[in-house]
Amino acid sequence: MKRNPILYFALCALSLGACSDGHFAGQVTTEGAGSKLELSANITSVLTPSATFSAGDTIAITTSYYDQSSLNRFYRTGDGKSFVSTNGKDTYVKGNGYLSAYFPAVGNDGVEPVITLATLDQHAKTDYLFARTPITRTEGNLSLTFRHALGRLAVSIKTAPEEYIHRVVLNGFYHNATVDPYTWAITLTDAPEAYVLDGTDITSFSLDLIPQTVEKDAVIPAELTLIGDIRSYTVALGTLPVASDEIVTATVDITTDEATVSFSGYGMTWTNYEDKFANGISFTTDSIAWRQHQ
């Protein structure tokens, strides 16, 4: 963040030394500073339901009012529950807005981070836990609930007794994205790439994916190609949504000449030929975003 040095000096003088480096948010004492930030955190995740923070884990926080003094500030836990600033300086909640946090912290304390997601190589995928909560000037005691940025597609395959699937190709999904550290808005980058899995008798697999909705009429639609010892199968997946820290389960049945696929997730079930969820509930990109930021 660029500052006008003359204006910045004047503001410091008017606030009677409030721009001292003693505390974040430009406060020497707590008088008029808002509320001192006291942080606790937990992990509540569908993908990793037993996950917890451990002593030494470091999160990073940022407030929505774009204050340089509260940008990507590192907080570390000693007991897996409460978190304190890594450099010993306090942060004060100076106004109403949102506080965003993510784990693990990257970059440098006080410097805007570059956060990216990558999933094509499932053995080296990048994922983060994130949390976002409203803040007010009068309440600094905050409890953050973290969950995964990525969602999961779990696929099971039913084959005829004599058929063995030795290659799976999944098309239509983006595998790279950037993330806004203030809002956790996800921007898909590059182009959709094919995920390829080889084996000898593949009956199931799962992928952690970036939140997105692949439309059935997309230039590169969501398709699953199964290459077996006897024949190959291409199954159209229709409109398929993936949301943060949610699991979509797909059951592909190729026991007959006509392949079918059914889905379950988000408390609903649907099939590839309906293009909608049970009870006529549509799933839109806005719904994905709401799940990300709630």
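As a reminder, the structure under discussion sits directly above these lines.
Residues numbered from 1 in each chain as written. Predicted model: local features only at pLDDT ≥ 70, side-chain atom pairs only at ≥ 80, totals over all residues. Heavy atoms only, no water.

Draft legend 1. Fine view of the pattern of salt bridges. Following the criterion strictly, the structure yields 6 salt bridges and no others. Two residues, Asp90 and Lys36, come together in a salt bridge whose shortest N-O distance is 3.7 Å. Taken together, the residues Asp90 in the loop between strand 5 (82–85) and strand 6 (92–93) and Lys36 in strand 1 (residues 35–36) connect sequence positions 54 residues apart. Asp90 gets classed as partly exposed once you look at its relative accessible area, which sits at 24%. With a shortest N-O distance of 2.7 Å, Asp109 and Arg73 are connected by a salt bridge. In this pair, Asp109 sits in the loop between strand 7 (97–103) and strand 8 (115–118) while Arg73 sits in strand 4 (residues 73–77), placing the two residues 36 residues apart along the sequence. For Arg73, a relative accessible area of 12% puts it in the buried group. Each of Lys36, Glu38 and Asp90 takes part in salt bridges that share partners, so that together they form one network. (Salt bridge = Lys/Arg side-chain N within 4 Å of Asp/Glu carboxyl O. Helix = DSSP H or I, 4+ residues; strand = E, 2+ residues; numbered from the N terminus. Buried < 20%, exposed > 50% of the residue type's maximum accessible area, 1.4 Å probe, protein only.)

Draft legend 2. Spatial organisation of the sheet that holds strand 21 (residues 247–254). The sheet built from 5 strands is open, its strands ordered 16-11-21-22-23 with mixed pairing. Where the open sheet ends on each side, the last strands, each with one partner, are strand 16 (204–209) and strand 23 (268–271). Each neighbouring strand pair of the sheet contributes to a mean axis angle of 20°, computed without reference to strand direction. Here strand 11 (residues 151–159) pairs with strand 16 via 6 bridges, running antiparallel. Looking across to strand 16, one finds that Leu153 is bridged to Leu207. (Pairing = 2+ DSSP bridges. Axes fitted to C-alpha atoms, helices over the stretch in contact; angles between N-to-C directions.)

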